[in-house]
Amino acid sequence: MNQPETHGQPIVTPKSNGWQPILITCLSLVVAALLFAGGLGIGFAAGKWGSAPVANGAEESNAGGDAAALRARFPLFWEAMDILYRDFYGELPDSDDAVYAAIRGVLSQVDDPNTSFMSPDEASYFRENLQGSFEGIGARVDWDMNFDTVRIVEPFENQPAWRAGIKRDDLITHVDGESIIGADLMSAIDKIRGPKGTSVRLTIVRLTEEQPFDVEVVRDRIEIPTIETDTVGGNIAYVRLNTFNENAGDLVRDAVKTALAQNPAALILDLRGNPGGLLRQAVEVASVFLPKGERVLIERYADGKEDIYVTEDEPMTTDLPMVVLVNEGSASASEIVAGAIQDMARGKLVGTTTYGKGSVQLPQTLSDGSILRVTIARWFTPADRTIDGEGLTPDVVVELTEEDRQAQRDPQLDKAIELLGGEVEPLPVQ
Amino acid sequence: MSMVVLAFVAGYAAYPLLHPAAAPALEAAPQTGAMANFWQVWHLLDRDFYGVKPDAQTRTYGAIAGMVERFGDPYTYFVEPQPRALERDQLAGKFGGIGATLEQTDAGWLLHPLPDQPAARAGILDGDRLLMVDATPITTTMTSDAIVNLVRGDPGSQVTLRVARTLADGEEEELTFTVTRAEIVTPSIEWRLLDDDPRTADIGYLRHTIFSERSAEEMRQAIAELQAAGATRFIWDLRGNPGGLLDVAVTMADFWLDSGMILIEVKADGTRKEFTATPGQLAAAAPLVLVVDGASASAAEIVAGALRDHGRARLVGSQTFGKGSVQLIHELGDQSSLHVTNAEWLTPRGQQISGQGLTPDVLVAEGEDPLAAAIAALPGDEDVGQ
């Protein structure tokens with residue numbers, strides 16, 4: 001078959017209970033992109049990481065061939081389609097949509113939520129979102145299959161949804177009074193999003209509350225920086241990476257370089273809530289902290305082939321005491337970095353058990369612009385541990401409660417500072 | 001809803017099987033460029049997917065089910081071959097089998113042979129535990145549908161059953177029986193005279209569970225027997241009846257009408273087809289009451305709507321389901337089937353019932369006995385001549 005232009009770059013994104021998290025190149029995450037997880041490494045230089053697709057002798061048949069050939073290969077499907085288009089009483093679906101639904105039907109037989117399909121509309125919506133100009137409520141959402149409506153995966157700190165009191169796992173059932181139950185994620189997101197300054201009334205079902213309630217959220221421009229830096233606990237450098245986009249490695253390297261100029265006593269890498277992104281960037285971030293040539297991960301394909309990824313750049317620091325902050329929102333590429341640092345005893349992990357996404361997807365753009373993401377491999381930590389479905393257990397487990405959040409306390413960060421010998425700041429006066 | 005899913009079927013038996021090469025309307029379906037993507041996806045899964053790859057048949061079924069779902073109609077759906085076989089048997093009201101029921105227990109699947117049926121005649125005893133059907137071992141995790149499919153077959157054909165039998169001394173012995181399948185009939189109507197009470201001893205009661213191919217003949221027989229036993233009034237209980245075959249519903253409504261419309265069918269292209277009653281009734285002008293509930297659907301609603309619109313019967317019970325569409329069942333090449341909503345129907349007075357159902361003349365509140373209400377609603381001897 002005519003292999004489409006494969007913007008393929010292995011990427012790693014969290015698996016999901018339905019949400020197909022995030023992303024790669026998003027500077028601003030909005031309520032939307034999020035759906036389309038990690039997908040597209042658009043325009044990625046493919047060279048040095050090798051091309052992931054493994055052509056293991058599958059015949060390159062003329063799969064896109066003429067209608068007669070298709071019918072011959074797939075008579076039952078055509079038989080059904082012919083009957084439906086001839087006899088159905090009611091509005092006929094757009095024929096492309098019917099085919100996309102058929103594709104999703106095939107994928108539903110594959111027991112893997114990370115193998116997914118985006119129609120051209122969805123794909124272009126996703127690409128637009130990657131450009132980064134979003135105005136919305138500032139939350140990552142996904143479609144909850146059990147309740148058949150939108151679920152909040154993560155309200156971004158200090159963004160409108162968060163400020164309005166929306167919490168993780170809240171279900172949105174109505175937008176401005178209109179039900180979105182049984183709709184689909186794209187149309188629901190369309191309703192939730194809107195220009196900065198406008199407000200939207202969301203009806204929330206929270207499983208801990210008996211009654212649904214309405215929340216008014218004033219939309220804003222959502223900007224989530226890829227990286228944030230600070231100095232904490234007196235003289236400890238703090239680097240927070242929010243996503244593994246194509247600049248992540250360089251940004252972390254520059255941030256650490258700048259920090260080192262201040263002679264910090266230690267360093268904290270904060271990967272909490274970082275859903276992952278590009279595999280290559282995970283290796284580059286690890287390269288900042290691990291000696292050159294060190295193993296970062298092992299990737300194994302369906303045909304048994306194995307790729308070992310090692311650090312390829314000179315590190316910035318291999319001995320500055322270090323803690324990596326993680327939580328249940330730290331997934332895939334975050335887990336690669338955290339796993340390598342833990343396995344190599346480069347630093348301790350502090351926080352809560354990570355998401356547990358140990359598979360690798362290859363996004364492929366098909367001939368009409370739709371995108372297929374296929375799980376092509378599993379990855380293992382340098383010590384050959386799999387984290388799939390289990391996550392990484394931190395060396396020091398520290399929870400962050402909703403009360404902590406409301407009070408703007410961060411016991412996880414405090415524990416990291418304490419472990420690194422810094423001064424823990426007193427609690428803010430209530 | 002699964003009850004209704006099976007609901008209403010138009011003339012599946014009469015509908016010719018379609019073969020792709022012979023279907024006249026092949027080009028009606030879109031020739032879509034998007035289809036090329038389909039094959040790309042298929043191929044990429046084969047080539048790259050890490051994990052268990054579903055086989056081609058599973059994928060094909062997934063594709064059809066996904067595509068059909070896009071039509072957004074709960075009554076338009078795809079049925080894989082195995083459930084299809086059971087569905088066909090259910091609508092036919094008969095099947096080729098051994099005449100035994102299955103019971104799932106912790107120990108396994110137990111057989112309960114029916115008297116004078118092939119299983120009993122072959123020597124299978126009540127409580128024999130099924131170990132094997134032909135060459136297929138039976139496990140506790142198998143579904144009853146799966147086992148039933150193995151046991152059923154054409155009448156006259158043979159099936160070999162291996163069973164374990166617990167003997168009087170507690171020992172178990174394994175036995176093998178070869179059973180010749182026969183036609184097993186599944187009645188859709190049970191009937192009796194309400195003669196527990198002399199005041200209702202002239203009422204014939206018919207409990208009707210599905211509109212199968214046999215239903216009309218069963219009703220004919222029921223009315224004849226009940227009349228012979230002295231019935232002059234009738235209660236036709238359609239509670240929980242999810243429907244069935246359209247032609248059968250028309251025939252059965254006609255049993256109680258001399259003339260007039262039974263239903264109007266409207267197709268996608270706007271064509272209307274009227275089904276009308278023919279002269280002659282099973283029980284002349286005998287008083288009739290229909291009992292309905294929220295699970296009385298489609299064919300049951302056709303009968304109820306027709307007899308009510310013509311003033312032939314009163315409806316007693318609760319609001320009916322409200323299924324006003326008609327499906328064709330197409331058998332596909334591999335014995336799977338496709339249910340396609342093909343028309344909607346209206347009652348003789350033009351009422352569209354989709355989503356609303358029929359409101360009974362006598363509403364029975366929750367907790368009250370619908371049968372008692374039906375008896376009360378039935379014009380009795382004391383009413384005659386008033």
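Quick notes on the rules
Residues numbered from 1 in each chain as written. Chains lettered and ligands numbered in written order. Predicted model: local features only at pLDDT ≥ 70, side-chain atom pairs only at ≥ 80, totals over all residues. Heavy atoms only, no water. Pairing = 2+ DSSP bridges. Helix = DSSP H or I, 4+ residues; strand = E, 2+ residues; numbered from the N terminus. Right-handed = clockwise from strand over helix to strand, strands pointing away. Salt bridge = Lys/Arg side-chain N within 4 Å of Asp/Glu carboxyl O. pLDDT = per-residue confidence, 0-100. Contact = heavy atoms within 4.5 Å. Core = buried A, V, L, I, M, F, W, Y, C linked by side-chain atoms within 4.5 Å. Buried < 20%, exposed > 50% of the residue type's maximum accessible area, 1.4 Å probe, protein only.

> Lay out the pairing of strand β17 (residues 314-317) of chain B in plain terms, naming residues and giving numbers.
Residues and elements named next belong to chain B. Relative to β17, strand β16 (residues 288-292) runs parallel, the two being bridged by four bridges. Note that in β17 the partner of V291 across the bridge is V316. With respect to chirality, the unit in which β16 leads through helix α9 (residues 299-309) into the neighbouring parallel β17 is right-handed. One ladder, built from two bridges, connects β17 with strand β20 (residues 362-363); its direction is parallel. Counterpart to G317 in the pairing with β20 is L363.

> Let's hear about the pattern of salt bridges: which residues, and what values?
Using the criterion set out here, one finds 35 salt bridges over all chains in the structure. Residues D388 of chain A and R378 of chain A are paired through a salt bridge, measuring 3.1 Å at the closest nitrogen-oxygen approach. Residue D388 of chain A is found in the loop between β20 (371-380) and β21 (396-397), and its partner R378 of chain A is found in strand β20; the two are separated by 10 residues along the sequence. The salt bridge partner of E174 of chain B is R162 of chain B, with a shortest N-O separation of 3.1 Å. Residue E174 of chain B is found in strand β9 (residues 172-180), and its partner R162 of chain B is found in strand β8 (residues 158-166); the two are separated by 12 residues along the sequence.

> Tell me about the confidence of the model for chain B, and please be specific about residues and values.
Residues and elements named next belong to chain B. Mean pLDDT over chain B works out to 87, with 90% of the residues at or above the 70 mark. Taken element by element, the predicted model of chain B shows its lowest mean pLDDT in helix α1 (residues 2-5) (25) and its highest in β16 (98). Contacts for the low-pLDDT stretch residues 1-28, under 50 throughout, to residues beyond four places or in other chains number 66 contacts. As scored by the predictor, the complex reaches a pTM of 0.70 and an ipTM of 0.74.

> Tell me about the nonpolar core, and please be specific about residues and values.
In this structure, F77 and F289 of chain A together with F38 of chain B are the most contacted members of the largest nonpolar core, which totals 83 residues. If near-sequence neighbours (up to four positions away) are discounted, F38 of chain B is found in contact with F74, V99, A102, I103 and V106 of chain A together with A63 of chain B. Among the nonpolar cores identified, the runner-up in size contains 49 residues, and L238, F255, V303 and V326 of chain B belong to it.

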